Structure formats: structure tokens, C-alpha cells
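Analysis of the macromolecular model
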Amino acid sequence: MFDVSIILINYNSSKHTINCIQSILSNTSKQINFQIIITDNCSEKEDYLNLKLFCDSLHNSNIELHRNIINNGFGAGNMFGVQFANAKYLAFVNNDTLFMNDCLAILKNELDKNQNIGIAGAQSYKENGDFMISLDHFASPTREILGRNFLELINPKKYPRRKKTYSSPTQVNFIPGSFMFVKAIDFYEVGGFDTNIFLYYEETDLCIRLAKKSKFAYLIPEAKFIHLHGASTAKSMAIKKELKISLLYIIRKHYGFFGHKIVMLFLIIKYFFSSILKPKNWTLFFLIVSGAPISKSLKGFQKIISSNQ
């Protein structure tokens, strides 16, 4: 059994994946016994073969590349990779990240010491070295209506400041999905990622379920990494729609019928008026009016690759 299984997803971004793997190999100390499992989430053939060529060149049996026959998104893509994991800890790492120090050893040591930590994240930085927000507050009717800044102002203990630089391990609501380090037994106990979600809010959902088991999220600022934010997912109206679909799904799941309807009403009013000034937002308005059902997610529009691809 390994100490840590690192799960990476590649989707038409093999250059980022290769750079990420190289940063892991060069920054992880020998005291950590780890494996790297890469899920290729049905990339174009050329991109997949480029990544396969790199992995084969390493001649490292602890690095595995597995190709998914369909792009099933972030949560399901990670769950596809998890089936090959054999470790005490799981590290879910975005492929557009670069380790700055021995992140795995630092995070493992903290989880070994503190049994209250259910899931941990490292401090992220931009490519130019600038600070990046590395914690957030649960998606909720309160957060959506009142906003993050107001919640941090009225209750800083419950809602730690996102833009603050921390120097010691700090309990937070949840840590971003770009880098999540969790004890495997806790991850399996709560059922892993919700595969109904195609993209976004998977980490919120996971951290809520862990917190209900008194396994809380912590930011470990000593561990540091660079996040090329959004490098593997281009911005588009389809992505904006996916954000709203996932948000309303999470609200309904954790805050019930009335919480869901309150947030829906708030978003309907918000996007009705914003669409007057920005007509492209009418697409979001009509999606929300329809209830933003999971059936309209990008998940339902993915194609299975043929055996010869």
C-alpha cells in the first residue's frame, strides 16, 4: 500500500498534465511512497497519445494512465481514477497546478497529527507568485443572497477571511477542488464525489458531507503550489450555465426545497435585471426559470469514443 495516491484528470491538456507530474516528482521527498493515477477523460487522440508517450518514457510503474471512454466530468473522472488507488491518503490534484514544495509530506504530517482534519488544502499562488484565495464558504442561501464579504464581516469565526494570508493550519468551510488531500477511509465512508455533478461545487458537497461526520476542512499554508486557474477549462456561456446547474443542485441537496426556491427566486430577479444591460445573460435567466435541471448539464451531451480511438 502507498502512503498517497495522487489522482489527476487530463482533458485535452496533456502539456499541463506533464508539467504537473514533473513538479510532483521533483518536489516530493523520498519519505513519501506515492503513486500517480491519471484519468484521461476522453481527450482527443493526439492529446492522449502525447501524454501516453511521456508516461511510458518515465519507466515508472507507480505512474498509471487510464483512458476513460467518455468525458464524465470532474467528480466522476476522479472516481474513475480512485478505483485504481491503493493508499492511506488520496490527493486530488488539478492538472493545471505546479508544486512549489513538498506538499504531500506537509499535508500528510498534518493529517497524521490532527484527527479533526477530514480534508486539507495547500496555499495556492498565481503563476507570477501573487497570492490566490485558497478557501471558501459553503454554497448556501445565506452566501448567495448576502455575499461572502458581508458574512465575513458579521461572523469572522464562522466565515474566515478568504483574502487573508494565514501562517498556521486553519479550519475553514471548504478548500478549492484544485488540490484536495483526504484520508481514503473518510472519503470512502461519505461516498466520494457525487457523480451527478459534471463540473463545479464537487468540493463543496464533499466538504459538507465530511463536516457532518466531524471531519473538517483545513487550509495548510505551509504547503504551497501554483495554480494556472482555468487553464484546462475555457470560459464560455456553457460553463456559466454549468455553474448555475451545479449550484442549484447543491442547494437543493443540502438546504432542501425552500432553500432551493429562495435561491432560485433571488437568481431570477438578479438575472432579469442584469439581462437588460447584458442581453447575453438572458440565456442564464431562462435556464434558472426552468429550474436549471441536471438534464441540461453538459454531462448529457458527451459522446463515447469508439474502440479504435
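Because the structure is predicted, anything quoted here is derived from the model rather than measured. (Residues numbered from 1 in each chain as written. Predicted model: local features only at pLDDT ≥ 70, side-chain atom pairs only at ≥ 80, totals over all residues. Heavy atoms only, no water.)

Side note on the overall build of the protein
In terms of helices and strands, the protein carries 10 helices and 9 strands. Compactness check: the protein gives a C-alpha radius of gyration of 19 Å against a globular reference of 19 Å for 309 residues, within 12% of the reference. Each principal axis of the C-alpha atoms in the protein carries an extent, and together these give about 55 × 50 × 40 Å. The long-range fraction of contacts in the protein, counting pairs at least 24 apart against all pairs at least 6 apart in sequence, stands at 80%. A total accessible area of about 14600 Å² is found for the protein, and carbon and sulfur atoms account for 56% of it. Charge separation in the protein, taken as the distance between the mean sites of 36 positive and 24 negative side-chain charges, equals 8 Å. (Helix = DSSP H or I, 4+ residues; strand = E, 2+ residues; numbered from the N terminus. Rg over C-alpha atoms; globule rule 2.2 N^0.38 Å. Contact = heavy atoms within 4.5 Å. Areas by Shrake-Rupley, 256 points an atom, 1.4 Å probe, with all protein chains shown as cover. Lys, Arg positive; Asp, Glu negative; His and termini not counted. Charge placed at Lys NZ, Arg CZ, Asp CG, Glu CD.)

Here we look at helix α10 (residues 282–289)
Among all positions of α10, only Leu284, Phe285, Leu287 and Ile288 are buried. Mapping the buried residues of α10 onto a view down its axis gives an arc of 165°, with all of them on the same face. The inward-facing, buried residues of α10 abut α9 (237–277). One or two residues past the end of α10 sits Gly291, with phi positive at roughly 100°. (Buried < 20%, exposed > 50% of the residue type's maximum accessible area, 1.4 Å probe, protein only. Arc of directions from axis to C-beta.)

Some words on empty space enclosed by the protein
Scanning the model with the defined rule gives 1 cavity of 30 Å³ or more in all. By volume, the largest cavity amounts to about 40 Å³. Lining the largest cavity, in full, are Gly121, Ala122, Ser124, Ser134, Ile175, Pro176, Ser178, Phe179 and Phe225. With 3 residues, the top contributor of residues to the lining of the largest cavity is strand β6 (residues 117–125). (1 Å grid on protein atoms, 1.4 Å probe; cavity = no way out; pocket = protein on both sides within 12 Å on 5 of 7 lines; lining within 4 Å. Points joined across faces, edges and corners; volume = space filled by probe spheres on them.)

Here's the deal with the nonpolar core
Val4, Ile6, Ile36, Leu104 and Phe179 are the most contacted members of the largest nonpolar core, which has 34 residues in total. By residue number, the principal contributor to this core is helix α4 (residues 103–113), which donates 6 residues. Residues in contact with Ile36, not counting those within four places in the same chain, are Ile6, Leu8, Ile21, Ile24, Leu25, Asn62, Ile63 and Glu64. Grouped together as the second largest cluster of nonpolar side chains are 30 residues, Ile9, Val82, Met180 and Cys207 included. (Core = buried A, V, L, I, M, F, W, Y, C linked by side-chain atoms within 4.5 Å.)

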